[in-house]
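A look at the structure
Chain by chain, the residues:
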Amino acid sequence: MPRNVAPANITSAKDLVQYNVVDSEPVEANAAPGYIERYIHSEIYRRFPGVRSVIHSHASAVLPYSISGAKTPVFDVAKYYKSDATRDLLIRDRHLGESLAKYFHAEDADVVETETLELDHSVVLMRGHGYTVAAQGIEECVYRAIYTRDNAAVQTESLGLLAAAYNLSYGPRVDIDYLRPDELSAAGKIAMTGWARAWGLWVREVEAIGLYVHER
Ligand SMILES: [Zn+2]
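Residues numbered from 1 in each chain as written. Predicted model: local features only at pLDDT ≥ 70, side-chain atom pairs only at ≥ 80, totals over all residues. Heavy atoms only, no water.

1. Here's the deal with the packing of aromatic side chains
Aromatic rings considered in pairs are described by the distance between their centres and by the relative angle of their planes. How we decide: Within 6.5 Å between ring centres, the rings of Phe, Tyr and Trp (the latter by its six-membered ring) count as paired, and their orientation is classed by plane angle as stacked under 30 degrees, edge-to-face over 60, tilted in between. Each residue's exposure class comes from its accessible area (1.4 Å probe, protein chains only) as a fraction of the maximum for that residue type: buried when under 20%, exposed when over 50%, partly exposed otherwise. A run of H or I in DSSP counts as a helix once it spans at least four residues, and a run of E counts as a strand once it spans at least two, with each numbered from the N terminus.
Under the defined criterion, the tally for this structure stands at 6 aromatic pairs. Geometrically, the ring pair formed by F75 and Y80 is stacked, given 5.3 Å between the ring centres and 10° between the ring planes. Taking the relative accessible area as the measure of exposure, F75 reaches 1% and is therefore buried. Pairing Y143 with Y147 gives two aromatic rings, centres 4.9 Å apart and planes at 50°, and the pair type is tilted. With Y143 and Y147 both in helix 4 (residues 138-167) and 4 residues apart, this pair spans about one turn of that helix.

Right under this line is the structure:
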């Protein structure tokens, strides 16, 4: 993970810190200070052996859905604070990380620690805080993280339009016409391979934009 700088500001491997999955402690004892919320990553990797990438985001377009009863799983950290916890919403320890990681299972999943565990959800919202994405590779994870943000913006606009139309009595429909369940599962599979074209463009943007510095 990046040391304690904005991830976009890392320039080379010297800005990265390696952590052990088992306890989220740095591999090197004298490692640079890092992110406190690294437990999000370590506990998901610990629980799901097939996960190779975890992204945690505070994108503002998604936040409203973490506090308004979304259908996506919402992790409420307040249910898991221990009595002496710092109540700043951050995932500051293994206990909170593990509690969050369990939300990537279906609600009714019978979790057995020893079996090979697979994701039931790719995204978990975190109340008043942000969201976390897990996937089998970096490209798919980035793709899902970006489209979680973009889809949230589309849904917000749709809800605003519906509210306006309803108030003006322009139409009878008062709910969004969401994807059907069979469309959800079919369209969901596209994301597992559909990242390739977008990824190619994003890589070119990173190379061309001049904001990011890469030292060999
Ligand atoms: Zn956070």
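2. Details of the packing of helix 4 against helix 6 (residues 195-209)
This is how the line gets drawn: Axis definition: a line fit to C-alpha positions, over the contact stretch in the case of helices; interaxial angles, taken between N-to-C directions, run 0 to 180 degrees. Angle categories are assigned with fixed cut-offs, so that under 35 degrees is roughly parallel, over 145 is roughly antiparallel, 65 to 115 is roughly perpendicular, and the rest are oblique. When checking whether two residues touch, look at their non-hydrogen atoms; a contact exists if any pair is within 4.5 Å. Amino acid classes used here: Ala, Val, Leu, Ile, Met, Phe, Trp, Tyr, Cys and Pro are nonpolar; Asp, Glu, Lys and Arg are charged; the rest, including Gly, are polar.
Taken N-terminus to C-terminus, the directions of helix 4 and helix 6 make an angle of 85°; their axes are 10 Å apart at the nearest point. If you check the angle between helix 4 and helix 6, you find them roughly perpendicular. Only W195, A198, W199 and W202 of helix 6 make contact with helix 4, whose side of the interface consists of I138, E139, E140, V142, Y143, I146 and Y147. A class-by-class count of the residues in the contact of helix 4 with helix 6 yields 9 nonpolar, no polar and 2 charged.

3. Digging into the side chain of S57
Considering the arrangement of structural elements, one finds S57 in strand 1 (residues 53-57). Discounting chain neighbours no more than four positions away, the residues touching S57 are H129, G130 and Y131.

4. Quick look at the sheet that holds strand 4 (residues 130-135)
Heads up, the rule is: Here, any two strands with at least 2 DSSP bridges between them count as paired.
Taken in spatial order, the 4 strands of this open sheet run 1-4-3-2, and their pairing is mixed. This sheet does not close on itself; its edge strands, each paired only once, are strand 1 and strand 2 (74-75). Examined bridge by bridge, strand 1 and strand 4 share 5 bridges and lie antiparallel to one another. Looking at strand 4, one finds that H56 is bridged to T132. Along the sheet, helix 4 makes contact with strand 1, strand 3 (123-126) and strand 4, crossing strand 4 at roughly 150°.

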